Amino acid sequence: MKVRTRFAPSPTGYMHIGNLRTALYAWLFARKNGGDFLLRLEDTDRNRLVEEAGNVIYRTLEDTGLTYDEGPDVGGDYGPYVQSERKEIYGKYAEMLVEKGAAYYCFCTKERLDALREQAAAEGKVFKYDKHCLHLSKEEVAARIAAGEEYVIRQNIPLEGESSYEDAVYGTITVPMSDMEDNILLKSDGWPTYNLANVIDDHLMEITHVIRGIEYLSSTPKYNLLYDAFGWDRPTYIHLPPVMKDKQKKLSKRNGDASYEDLIKKGYLKEAIINYIALLGWNPGGERELFSLEELAQVFSLEGLSKSSAIFDTEKLTWMNGEYIRSLSLADFMERAKPYFDEAITRPMDMERLAALIQPRLETLSQIGEKVSFFNEMPAYDLALYTHKKMKTTAENSVEILHSAREALAQVEEFTNANLYETLLAVAEKAEVKSGRVLWPVRIAITGTAVTPGGATEIAELLGKEETLARLDYSIEKLHKELA
RNA sequence: GGCUCCUUGGUCAAGUGGUCAAGACACCGCCCUCUCACGGCGGUUACAGGAGUUCGAAUCUCCUAGGAGUCACCA
């Protein structure tokens, strides 16, 4: 049988990392097994509709390369792929369940239910619906419906026994019938709940492997009862442990935690995000950690899935992102970094050289601004920067050296790194000091920055002769003024 | 609270009765070096606790503790 997996989010207008990982695993499993991967939108909660919320899902999946074979916007033979367009299907199947005795009509009012709940709370018991409407006769049900009474359809859970199944990651899960409730399958507004819809859709769409969050682990036996009532084959279940923000809390929008889009905005590469989350809860077996999407699809397997929750560690993502940035071709890097450079650099400059200098020193693209701003404009700086104990430099002993360096640099025709380096070494030699005594102050004088991407001569080359000399003059004057 | 799960360093994790308990991130030190980063080398840090079973337990059993999920006309 052909493997078919699905990603079935409810469109909230936000794609959080845990959801993305679920989609990724479902995609990887389908690809690895030559199967189909499809997208289904679960929007049966009419009270929580978010306008156009499907868009961020479509966009994210497309952006990350998690292409789906079937879905709301691409069609397919098992549609519609949006639950709100399948309303009559659920009603029909709910009635079939009633005929089979696996479900029943319920006319209990909210008031009665609330009273029951209060009573249970007062007695310190767990509330459970009392099957009050289970034994209504067919005639009475028909009459009350005809009279316009509101009703729901509830699942009829057996009173005794237990239900169990094999989860691909958690093993055998067994839940006593007595712990399950006669949940509502069809709401009074005619829309199905997840309890019904997920079963109907997964069956009708011929989903073979249900990959979803662990929140469904313990309610799955209830869904299985439905599969059994219909006489349908149960799918293979693969429940996933949660992605946490810290030991206690799950990653969530409510906590203001990073979503996929937030991470992109923070300068993370989509490839790095995918690679990192693939390893959050799954391991490929070897020691290798860097994988492209296609490589992941080749090595993915259910055995590597872990049972315990994993904390989202931005530090490691950041490291991995740096690895990805460094592995980019210069052209590719420049293209992705362009928006950041455009914002940080306003004066003409050899962008390719600048990019080459910056690329290996970046962990996220958004660090570009802070790393290159001094190229654009000489910052105000403190003379303390001239003091460096290893270089044995101070503001005082840099003045003379800078004068010599400025004179020597003014003589250089071709302002290339090699020429400049040679020139400054000559200055050091002539003054009978170590190279650091001149290279450090020169770098400070032309950048006003303690840490720079590249050494004095690399930066001077990029700045160009005119700008370099202008900055040297500025700094020499500053030294004279402030030391006086 | 009931039920269903989970528990190896700060984090991700390998490990399925016999290992000096891998590796990665982070951290620290050294080297490389015109600062920084990259890279190289080295280091600190872990089997939640307690009972068993066994010649032998991170691996099996039980208990305790901690944590998560769930108990909706949300998914």
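Below: a short report on this structure. (Residues numbered from 1 in each chain as written. Chains lettered and ligands numbered in written order. Predicted model: local features only at pLDDT ≥ 70, side-chain atom pairs only at ≥ 80, totals over all residues. Heavy atoms only, no water.)

**Considerations on the environment of Leu409**
In step 1: Here Leu409 lies in helix 15 (residues 395-411).
In step 2: A residue is classified by how much of its surface remains accessible, and Leu409, at 2% relative accessible area, is buried.
In step 3: Between the C-alpha atom of Leu409 and that of Ser475, which follows or precedes it by 66 residues, the distance is 15 Å. (Helix = DSSP H or I, 4+ residues; strand = E, 2+ residues; numbered from the N terminus. Buried < 20%, exposed > 50% of the residue type's maximum accessible area, 1.4 Å probe, protein only.)

**Section: the protein's contact with RNA strand B**
In step 1: Taken together, 61 residues form the shell around RNA strand B, and within it Lys247, Asn283, Glu289, Arg361 and Gly454 come nearest.
In step 2: Among atoms of RNA strand B positioned within 4 Å of the protein, sugar and phosphate together represent 72%.
In step 3: Contact between RNA strand B and Ile311: a phosphate oxygen at 3.1 Å from a main-chain N or O atom of the residue.
In step 4: Measuring from a base oxygen of RNA strand B, one finds a side-chain N or O atom of Lys390 at 3.4 Å.
In step 5: Within the residue set of the surface near RNA strand B, elements represented by two or more residues are strand 6 (171-176), strand 11 (310-311), helix 11 (314-327), helix 16 (417-431), helix 17 (435-447) and helix 18 (456-463).
In step 6: Split by residue class, the surface near RNA strand B holds 24 nonpolar, 18 polar and 19 charged. (Near = heavy atom within 4 Å. Polar contact = N/O pair within 3.5 Å; in protein donor to acceptor, adjacent residues only side chain to side chain. Nonpolar A, V, L, I, M, F, W, Y, C, P; charged D, E, K, R; others polar.)

**A look at the pattern of salt bridges**
In step 1: Taken as a whole and assessed by the stated rule, the structure comprises 31 salt bridges.
In step 2: A salt bridge links Arg86 to Asp201, with the nearest nitrogen and oxygen atoms 2.8 Å apart. Taken as a pair, Arg86 in the loop between helix 2 (54-64) and helix 3 (87-100) and Asp201 in helix 6 (residues 194-204) lie far apart in primary sequence, 115 residues in all.
In step 3: For Arg86, a relative accessible area of 1% puts it in the buried group. (Salt bridge = Lys/Arg side-chain N within 4 Å of Asp/Glu carboxyl O.)

**Examining the packing of aromatic side chains**
In step 1: This structure, assessed with the given rule, holds 15 aromatic pairs.
In step 2: Summarising the aromatic geometry, the rings of Phe107 and Tyr151 are spaced 6.2 Å apart at their centres and angled 55° between planes, so their arrangement reads as tilted. Pair noted here: Phe107 is in the loop between strand 3 (103-106) and helix 4 (110-122) and Tyr151 is in the loop between helix 5 (138-146) and strand 4 (152-155), with a separation of 44 residues, a long-range link.
In step 3: When its relative accessible area of 5% is taken as the criterion, Phe107 is described as buried. (Phe/Tyr/Trp six-rings, centres within 6.5 Å; stacked < 30°, edge-to-face > 60°.)

**Digging into the pairing of strand 2 (residues 36-39)**
In step 1: Residues Asp36 and Leu38 point to one face of strand 2 and Phe37 and Leu39 to the other, with burial holding for every one of them.
In step 2: Of the strand pairs in this sheet, strand 1 (residues 4-7) and strand 2 are connected by four bridges, and their pairing is parallel. The residue of strand 2 that forms the bridge with Phe7 is Leu39.
In step 3: As a crossover connection, the stretch from strand 1 through helix 1 (residues 17-32) into strand 2 is right-handed. (Pairing = 2+ DSSP bridges. Right-handed = clockwise from strand over helix to strand, strands pointing away.)

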